[in-house]
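Here is what each chain is made of, one letter per residue.
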Amino acid sequence: MDTNKLLLVIIAILLPPLAVFLKKGMGKDLLINVLLCFFFFIPGLIHAIWVVLQEDL
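The residue numbering used here restarts from 1 in each chain and proceeds along that chain's sequence as written. With pLDDT at 70 or above as the cut-off, local features in this predicted model cover only qualifying residues; side-chain atom pairs require 80 or more to be listed or tallied, and sums for whole chains, interfaces and linings still use all residues. The basis for every side-chain value is the complete set of non-hydrogen atoms in the structure, without hydrogens or water.

Enquirer: Would you mind going over the nonpolar core with me for this structure?
Expert: Side chains of a nonpolar character, in soluble globular proteins, are inclined to be buried together. Counting residues in hydrophobic clusters, the biggest one holds 10 residues: Leu 8, Val 9, Ile 11, Ala 12, Ala 19, Val 20, Leu 30, Ala 48, Val 51 and Val 52. Those elements giving two or more residues to this core turn out to be α1 (3-14), α2 (16-24) and α4 (41-53). Put simply, DSSP H or I for four residues or longer makes a helix, DSSP E for two residues or longer makes a strand, and each gets a number counted from the N terminus. Considering each element in turn, this core owes the most residues, four residues, to α1. Here Ala 48 is in contact with Ala 12, Pro 16, Val 20 and Asn 33, once residues within four sequence places are set aside. Remark: nonpolar core denotes a set of buried residues (Ala, Val, Leu, Ile, Met, Phe, Trp, Tyr, Cys) joined through side-chain atoms within 4.5 Å. Any residue under 20% of the maximum accessible area for its type is buried, any over 50% is exposed, and the rest in between are partly exposed; the area is computed with a 1.4 Å probe on protein chains only. Only heavy atoms enter the contact rule, under which two residues are in contact if any of them lie within 4.5 Å.

Right, here's the structure in full:
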């Protein structure tokens, strides 16, 4: 795991929407994550870690 990805995982644990924004920018992934974090923090956390760890296609 490279340093950038490790830093994004740490940010995803602390502030999930910020990590998704840094990885994907403004878009549907950020909107989904904000909604998940607004209603329930744990699903937002899981989604952010998933987005950060998935490989870019």
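Now that the structure has been shown, we can carry on.
Enquirer: Where do I start with the packing of aromatic side chains in this structure?
Expert: Two descriptors summarise a pair of aromatic rings, namely the distance from one centre to the other and the angle between the planes of the rings. Pairing of aromatic rings covers Phe, Tyr and Trp, the last through its six-membered ring, and needs centres within 6.5 Å; plane angles under 30 degrees mean stacked, over 60 mean edge-to-face, and all others mean tilted. In total, this model carries one aromatic pair according to the counting rule given. Plain terms: the ring middles of Phe 38 and Phe 39 are 5.2 Å apart, the flat faces sit at 75 degrees to each other, and that makes the pair edge-to-face. Given a relative accessible area of 66%, Phe 38 falls into the exposed group. Residue class for Phe 39 comes out exposed when judged on its relative accessible area of 56%.

Enquirer: Sorry if this is basic, but what is going on with the packing of α2 against helix α3 (residues 28-39) here?
Expert: When two helices pack together, their arrangement is captured by the angle between the axes and the distance separating the axes. Axes here refer to lines fitted to C-alpha atoms; in helices the fit is confined to the stretch in contact. Angles between the N-to-C directions go from 0 to 180 degrees. In contact at an axis separation of 9 Å, α2 and α3 are set at 175 degrees when each is read in the N-to-C sense. Viewed along their axes, α2 and α3 adopt a mutual orientation that is roughly antiparallel. Between α2 and α3, the contacting residues are Pro 16, Pro 17, Val 20, Phe 21 and Lys 24 on the first element and Asp 29, Leu 30, Asn 33, Val 34 and Cys 37 on the second. Partitioned by chemical class, the residues of the contact of α2 with α3 number seven nonpolar, one polar and two charged. Angle categories: roughly parallel below 35 degrees, roughly antiparallel above 145, roughly perpendicular from 65 to 115, and oblique for all the rest. In this count, Pro and Cys sit with the nonpolar residues alongside Ala, Val, Leu, Ile, Met, Phe, Trp and Tyr, while Asp, Glu, Lys and Arg are called charged and the others, Gly among them, polar.

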